[in-house]
Amino acid sequence: MEHERIIILDFGGQYAHLIASRIRRLGVLAEIMMPDDPEIPAKISRPEVKGLILSGGPQSVFAEDSPKTDPAIFSAEKPILGICYGHQYLAHNLGGKVAPGTTGEFGASKLKISPSAKASSFVETTEDKSDDRRGCPLFKDVPAESIVWMNHVDAVQDFAPGFENIGETPHCATAAAWNPAKNFYSVQFHLEVSHTKFGNRILKNFLEICGCSFDWNMQKFLDEQKQKLREKIGDKNVFLFVSGGVDSTVTFAFLNEIIGPERVKGLFVDTGLLRENEVEQVEKSLRAIGADLTTLREAETFLQNLAGKTDPEEKRKIIGHTFLDVQQDFFSREKLDEKWLLAQGTIYPDTIETGGTKNADKIKTHHNRAPEVQKLIDQGLVIEPIAELYKDEVRVLGELLGLPHELVWRHPFPGPGLGVRILCSDTESREILYDEVDAFTLQTKKKPYIKLPIKSVGVQGDFRTYKHPGILQTNETDIEELEKLATKLINHYSEINRCIVPLGKNFAGKIREISLHKTDINPDRVKILQRADAIVTKLLREAGEYETVWQFPVVLMPVSFNGEGTESIILRPVDSIDAMSASVGKLPFELLKKMAQEILKSRCAPQGGGEISAVFLDCTSKPPGTIEWE
Ligand code: XMP
């Protein structure tokens, strides 16, 4: 039998993911399904499904295109918990009434649990068991009053027949409901966010109501998955493309453990766009676990295909296509017969719609669902051993499998590698700043920023932008303040989508001149960026800050100042959970300055060119910036 689980119906936004990861941390497997999935009725009647959660979502139940699900969920005799949209969905669909709102209720609010619902489950009255039957088990050990997080416009006016009102806030008289006969529960507030003080407790109560055994953990996953994969693989062999990133490395190690290294073949494509010494490091650490790894040395092919190309989208396409060509060559050269399966390191958020930016979806589907791969999937020749896991779970699994801590906790690295961190230009320009703006001595003139002559990718609303970054003119060194200032300026001046601040320079005096150089991705520029990136990583590790930031791209742009050098470097530390949104990594400003000085001192440049003119810090959140500059 499959492992027992809770099904979450994803009504939109990113709520479903947050609920799922909270449930998993409580020791229960959670699976997300789209509400219109035709499999729902069959799925929820399966014995391993212990209960159902209807997530929040940005829509109003009144909207014509609002998400709907099969009414079979109401007769499946499984406990249901509706949250926010899910709360209203239950009322709307079971005979109650939802009233359209105008102003809404956002942020912290005080939930007061109805005395009847509280009864014996009051923390204060736990000794008095005389009224046990009356307590609503959803609020067991939750105080009579506590802070909850609200985010809604519409509100339930009348509950459906059979539901009791079990909680209210000052602005919402119908904040929680319970149908004891059906074992249905619903709350208007978001119990999954950390701001809801007893949210985790309420969620745990629901899992107890569902009769969950709280036995989901990585060791258990490993044991169960081993068995399942062994059956699935049978006597076949497996090959996979490893990138050196966490997901494919853990998948590789996992397969090695299950069927032994002699039946697993790893292929590592050296695109020439990897980090300094990465090929050697990945080879060394994977061979250390006994893995059979072949490196396909394709750096020249990639760089030749990229020669003369400058447009970000075109660069991406070329890298993607070259990857596919290399894979295709491999497929035809090796004449893989039915004795072989392809394994992929696809993880959970990649497998379902996330409601994030369209582009994020495109990025993720790109590699793992390429046409050639899709053909193999359709023939049942692809396995995805960690497709049920989140990134943090993948890391725990990696450690259980004995992979080195450093490898397992590496920052995510994009498929196109340094190709999305080397900005190019098909034109040249030289601009004299008659206004004598000075980013380095910090005198404010006219606009509070200097517009760079190059563009970078950003994201505003659901759309990708391609606009100029601005060099901020401020003496602020508090990163949070800089981030606030950047947001304010980008909202005000529509020509910019990012703000950067200077950290170090290789020229004397103020900025009087800015030059843009015509250039593409070439071996010299790759080397400069690899060196700068290696310096940053080394200092970050030495300072003990490597694992305090989520990712730390280092970017190269062909822009120089006052006729000194031809390149500049941007440091882009970010904090994030899932890369859909990000804030600037809160590292000590002194450390960032030290990185800049080290980069300038070491020159990074090969003999005869590519000198670094200045080093900057990107102080833009995502949105409006993206993590990579492209
Ligand atoms: P952006 O720049 O869109 O990046 O904010 C979000 C996250 O995705 C990574 N990234 C990629 N990962 N293939 C990948 O596997 C790609 O083409 C790609 N582009 C961006 C980026 O490093 C960040 O973690």
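Residues numbered from 1 in each chain as written. Predicted model: local features only at pLDDT ≥ 70, side-chain atom pairs only at ≥ 80, totals over all residues. Heavy atoms only, no water.

**Considering the domain arrangement of the chain**
Formally: What marks off one domain from the next here is an automatic or database domain assignment. Throughout, a contact is declared for two residues whenever any of their heavy atoms are within 4.5 Å. Two parts placed together each lose some accessible area under a 1.4 Å probe, and the buried area is that loss summed for both.
For the chain, the assigned domains read domain 1 (5-209), domain 2 (218-417) and domain 3 (429-618). Taking only C-alpha atoms into account, the centre of domain 2 sits 31 Å from that of domain 3. With 27 residues of domain 2 at the contact, the number on the domain 3 side is 22 residues. Around 2,000 Å² of area is buried between domain 2 and domain 3 when both sides are counted, 56% of it from carbon and sulfur atoms.

**As for the pairing of strand β4 (residues 80-83)**
For the record, the criterion: Residue burial is assigned from relative accessible area. The probe radius is 1.4 Å, only protein chains are included, and a residue is buried under 20% of its type maximum, exposed over 50%, and partly exposed in between. Counting from the N terminus, the helices are DSSP H or I runs at least four residues long and the strands are E runs at least two residues long. Any two strands between which DSSP finds at least two bridges are classified as paired.
Burial of β4 is two-sided: the residues Ile80 and Gly82 facing one way and the residues Leu81 and Ile83 facing the other way are all buried. Here three bridges tie strand β3 (residues 49-54) to β4, and the two strands are oriented parallel to one another. In the sheet register, leucine 52 faces β4, and the bridge partner there is isoleucine 80. The pairing of β4 with strand β11 (residues 184-187) spans four bridges and is classified as parallel. Looking at β11, one finds that isoleucine 83 is bridged to valine 187.

**Comments concerning the site of the ligand**
Here is the rule we go by: Here, proximity means that at least one heavy atom of the residue falls within 4 Å of the molecule or strand. Pairing of N or O atoms within 3.5 Å defines a polar contact, subject to two protein rules: one partner must be a possible hydrogen donor and the other a possible acceptor, and residues neighboring in sequence count only if both atoms are side-chain atoms. Using the Shrake-Rupley algorithm and a 1.4 Å probe, accessible areas are obtained, with residue cover drawn only from the displayed protein chains. Residue polarity follows a fixed list, in which Ala, Val, Leu, Ile, Met, Phe, Trp, Tyr, Cys and Pro are nonpolar, Asp, Glu, Lys and Arg are charged, and the others, Gly among them, are polar.
By nearness alone, 13 residues border the ligand, and Arg316, Gln551, Lys622, Ile627 and Glu628 come closest of all. Within the side chain of arginine 464, an N or O atom sits 2.8 Å from an oxygen atom of the ligand. Side-chain polar atom of glutamine 551 to an oxygen atom of the ligand: 2.7 Å apart, as the coordinates give it. Alone, the ligand offers 500 Å² of accessible surface; in the complex the protein occludes 89% of this. Partitioning the shell around the ligand into residue classes produces six nonpolar, three polar and four charged. Each of two domains, domain 2 (218-417) and domain 3 (429-618), supplies a minimum of three residues to the shell around the ligand.

**Section: the packing of aromatic side chains**
Keep this limit in mind: Pairing of aromatic rings covers Phe, Tyr and Trp, the last counted by its six-membered ring, and requires centre-to-centre distances within 6.5 Å; plane angles under 30 degrees mean stacked, over 60 mean edge-to-face, and any other angle means tilted. Counted as over-ring charges are cases with an Arg CZ or a Lys NZ within 6 Å of the ring centre that also lie within 35 degrees of the ring normal.
Counted by the stated rule, this structure contains 16 aromatic pairs. Measuring from ring centre to ring centre gives 5.8 Å for phenylalanine 302 and phenylalanine 323, while their planes differ by 75°; the resulting arrangement is edge-to-face. Residue phenylalanine 302 is found in helix α9 (residues 299-306), and its partner phenylalanine 323 is found in helix α10 (residues 312-334); the two are separated by 21 residues along the sequence. Taking the relative accessible area as the measure of exposure, phenylalanine 302 reaches 1% and is therefore buried. Judged by relative accessible area, which is 13%, phenylalanine 323 ranks as buried. The positively charged end of lysine 204 is found above the aromatic ring belonging to phenylalanine 214, 5.9 Å away from the centroid. Across the ring face of tyrosine 546, the terminal group of arginine 541 is positioned such that the distance to the ring centre comes to 3.9 Å.

**Structural notes on the pattern of salt bridges**
To keep it simple, the criterion reads: Just to be clear on terms, a salt bridge is a Lys or Arg side-chain nitrogen sitting within 4 Å of an Asp or Glu carboxyl oxygen.
All chains considered together, the criterion is met by 34 salt bridges. Lysine 110 is the partner of glutamate 145 in a salt bridge, and the nearest nitrogen-oxygen pair spans 3.8 Å. One end of the pair, glutamate 145, is in strand β7 (residues 145-152); the other, lysine 110, is in strand β6 (residues 105-113), with 35 residues separating them in the sequence. A relative accessible area of 43% means that lysine 110 is categorised as partly exposed. One salt bridge connects glutamate 208 with arginine 201, and the closest N-O pair in it is separated by 3.8 Å. For arginine 201, a relative accessible area of 22% corresponds to the partly exposed category. In the salt-bridge network here, residues are joined through shared partners; they are Glu2, Arg5, Glu31, Lys43, Lys228 and Glu388.

**Overview of the packing of helix α1 (residues 15-25) against helix α5 (residues 199-209)**
In plain terms, the rule: Each axis is a line fitted through C-alpha atoms, and for a helix only the stretch in contact is used; angles between axes span 0 to 180 degrees, taken between their N-to-C directions. Angular relationships are summarised with four words: roughly parallel below 35 degrees, roughly antiparallel beyond 145, roughly perpendicular across 65 to 115, and oblique for the angles in between.
Following both chains from N to C, one finds α1 and α5 inclined at 70°, their axes separated by 10 Å at the closest point. Comparing the axis directions of α1 and α5 gives the class roughly perpendicular. For the pair α1 and α5, contact is made by Ile19, Arg22 and Ile23 and by Asn200, Leu203 and Leu207, respectively. Here the residues of the contact of α1 with α5 are counted per class, giving four nonpolar, one polar and one charged.

**Describing empty space enclosed by the protein**
Heads up, the rule is: For each structure, a 1 Å grid was placed over the protein atoms alone; sets of points admitting a 1.4 Å probe that cannot get out are labelled cavities, open sets with protein on both sides within 12 Å along at least five of seven lines are labelled pockets, and lining residues have an atom within 4 Å of a point. Grid points are joined across faces, edges and corners, and a volume is the space filled by probe spheres set on the points.
With the rule as written, the count across this model stands at two cavities of 30 Å³ or more. Taken as a whole, the largest cavity holds about 50 Å³ of empty space. Around the largest cavity, the lining residues are Glu2, His3, Arg5, Leu29, Trp216, Phe221, Glu224, Gln225, Lys228 and Glu388. Here the element with the most residues in the lining of the largest cavity is helix α6 (residues 218-233); it accounts for four residues. Partitioned by chemical class, the residues of the lining of the largest cavity number three nonpolar, two polar and five charged.

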